[in-house]
Amino acid sequence: MISIPHKAKQFLVLLVKLLIVGGAFYFIYNQLANNDQLNWQKFIVLFRKNQSVLGIGFILLLSVLNRYFEILKWQNLASLLREISLGEATKQVLAALTAGIFTPNGVGEYAGKALYYPKSEAKQVVFLNLICNGIQMILTVVFGIIGLLYFNAAFHVISTRTVLILIGGLVAFLGVLFSLKKITIKGYSIEKLLFKINEIPKATHRKNILLGILRYTVFSHQYYFLFLAFDVDLPYVTLITTIAVVYFLASSLPTFQFLDFAVKGSVAIYFFGMLGVNEWIVVFISTLMWFLNVVLPVVIGAYYVLNFKTKQVE
């Protein structure tokens, strides 16, 4: 095995840090500066009309709570390896978010968290992160399907027959998936995964689910309150179920964190357009959600990336 000199290793780690942070800020700037769909003049007029220190503070508080519940989820699951403080959990979550901003569906986040643990625990860290993100995806799917059924009942986007066929197809897919659970690929199988999931204490699962529900509630209602701030006057149930649909469908598409708002914005334009919401408002709210819940945490995470100590991975 070729031995890399200590100085060279330090330089390479520093270079990787700068590439991650520099790339993150470049993509953020590029998306905000070159998005022709953002009508800044209309936004400024509406902002001056409805500006409120309490309102801005409340929206920012929801962003803090959104990420806070995610940090608590990771602290809860990481405790199966070792107890970590809230500060350490915050560092790991935000640094991993920054590292995963360039990867499809944030898969780089898994490697980002693993770097804070010994190599012998890397597989366990990846597995626990899968559980952490998995419950959020399950909740997104459950609430999204409920939202789709409600939205379709109200606006008849597709026929009842098509809905039943889709549900039947989903049930059939799950049935086939579980019937093949014993098939092993490179030492891994669904049965083995389920066994490992069952090994986690039920109390840990319950806390993970509760924190996941709290995070979903905060995120979806932040979306809702931004629509109110933009003078969108629609019934609560209609807005919140449409948000659930948009979040579900957008999360199902392969994308990168730095393009998250563009994907959600495209899906949102279609569904909220059916409700008569102006396109520029939908684009702005999707961009604000991305800025508040991805950009701001990535900026903080950049600090942790730059201060990452190489001795942690040696």
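Residues numbered from 1 in each chain as written. Predicted model: local features only at pLDDT ≥ 70, side-chain atom pairs only at ≥ 80, totals over all residues. Heavy atoms only, no water.

- For the protein, an unreviewed UniProt entry supplies the name Lysylphosphatidylglycerol synthetase and the organism Flavobacterium hercynium.

## A few points about the environment of A114
Inference 1: Within the secondary structure, A114 sits in helix α5 (residues 108-114).
Inference 2: Classification of A114 as buried rests on a relative accessible area of 13%.
Inference 3: Along the primary structure A114 and Q124 are separated by ten residues, whereas in three dimensions their C-alpha atoms are 8.7 Å apart. (Helix = DSSP H or I, 4+ residues; strand = E, 2+ residues; numbered from the N terminus. Buried < 20%, exposed > 50% of the residue type's maximum accessible area, 1.4 Å probe, protein only.)

## Some remarks on the packing of aromatic side chains
The description of an aromatic ring pair rests on the distance of the ring centres and on the angle between the ring planes.
Inference 1: Enumeration according to the criterion identifies 16 aromatic pairs in this entry.
Inference 2: Considering the side-chain rings of Y223 and F227, the 5.8 Å spacing of their centres and the 10° angle between planes classify their relative orientation as stacked. Residue Y223 and its partner F227 are located together in helix α9 (residues 202-229), separated by four residues, close to a single helical turn. Each member of the pair, Y223 as well as F227, carries the same accessibility label: buried.
Inference 3: Between the aromatic rings of Y303 and Y304, the centroid separation amounts to 5.5 Å while the plane-to-plane angle is 70°, which identifies the pairing as edge-to-face.
Inference 4: These aromatic residues form a ring-pair network of at least three members: F143, Y216, F219, Y223, F227, Y247 and F272. (Phe/Tyr/Trp six-rings, centres within 6.5 Å; stacked < 30°, edge-to-face > 60°.)

## With respect to α9
Inference 1: Its 28 residues give α9 an end-to-end C-alpha distance of 40 Å, which sits within 8% of 40 Å, the value for a rise of 1.5 Å per residue.
Inference 2: Backbone geometry just downstream of α9 places D231 in the positive-phi region, at approximately 65°. (Expected span 1.5 Å × (residues − 1).)

## Things to note about the UniProt feature "transmembrane region" (unreviewed entry) in the protein
Inference 1: Feature annotation in UniProt places "transmembrane region" (unreviewed entry) on residues 12-32, 52-69, 126-151, 163-180, 223-250 and 280-306, given in this structure's numbering.
Inference 2: The annotated region residues 52-69 carries 94% helix and 0% strand content, and the separation between its end C-alpha atoms amounts to 26 Å. (UniProt positions renumbered as here; feature names shortened; annotations may be inferred.)

## Let's talk about the pattern of salt bridges
Inference 1: Overall, the coordinates contain five salt bridges when judged by the stated rule.
Inference 2: Here E121 makes a salt bridge to R82, at a shortest N to O gap of 2.9 Å. Placement of E121 in the loop between α5 and α6 (122-155) and of R82 in the loop between α3 (53-78) and α4 (86-99) is noted, with a sequence separation of 39 residues between them.
Inference 3: What emerges from the salt-bridge pattern is a single network uniting E70, K73 and R215. (Salt bridge = Lys/Arg side-chain N within 4 Å of Asp/Glu carboxyl O.)

## Some details on the packing of α6 against α9
Inference 1: The geometry of α6 relative to α9 is characterised by a closest axis approach of 9 Å and an angle of 55° between their N-to-C directions. One way to sum up the angle between α6 and α9 is to call them oblique. The handedness of the crossing between α6 and α9 comes out as right-handed. Where α6 abuts α9, its residues I131, C132, I135, Q136, L139, T140 and F143 lie against N208, I209, G212, I213, R215 and Y216. (Axes fitted to C-alpha atoms, helices over the stretch in contact; angles between N-to-C directions. Parallel < 35°, antiparallel > 145°, perpendicular 65-115°, else oblique. Left-handed = near helix turned anticlockwise from the far one by under 90°. Contact = heavy atoms within 4.5 Å.)

## Let's talk about the environment of L72
Inference 1: Mapped onto the elements of the fold, L72 is located in helix α3.
Inference 2: C-alpha separation for the pair L72 and T90, spaced 18 residues apart in sequence, amounts to 8.5 Å.
Inference 3: Residue contacts for L72: discarding those within four places in its chain leaves L86 and L211.

## Re unusual backbone geometry
Inference 1: Even without a glycine there, the phi angle at D231 is positive, about 65°.
Inference 2: Examined against the element boundaries, D231 turns out to sit in the loop between α9 and α10 (236-251).
Inference 3: In this structure D231 comes out as partly exposed when scored by relative accessible area, which is 44%.

## Quick look at the confidence of the model for the protein
Inference 1: Mean pLDDT for the protein: 79, with 71% of residues reaching 70 or above.
Inference 2: Ranking the elements of the protein by mean pLDDT puts helix α1 (residues 6-33) last, at 56, and α9 first, at 94. (pLDDT = per-residue confidence, 0-100.)

## A word on the nonpolar core
Inference 1: Core analysis: the largest hydrophobic core is formed by 31 residues, its most contacted members being Y223, F227, F272, V277 and I285.
Inference 2: Sorting the residues of this core by element identifies α9, α10, α11 (260-274) and α12 (279-306) as the ones contributing at least two each.
Inference 3: Of all the elements, α10 adds the most residues to this core, at eight residues.
Inference 4: In this structure Y223 touches I243, V246, A268, I285, S286 and M289, once residues within four positions along its chain are discounted.
Inference 5: Judged by nonpolar contacts, the second largest core, of 19 residues, contains I71, W74, I84 and C132. (Core = buried A, V, L, I, M, F, W, Y, C linked by side-chain atoms within 4.5 Å.)

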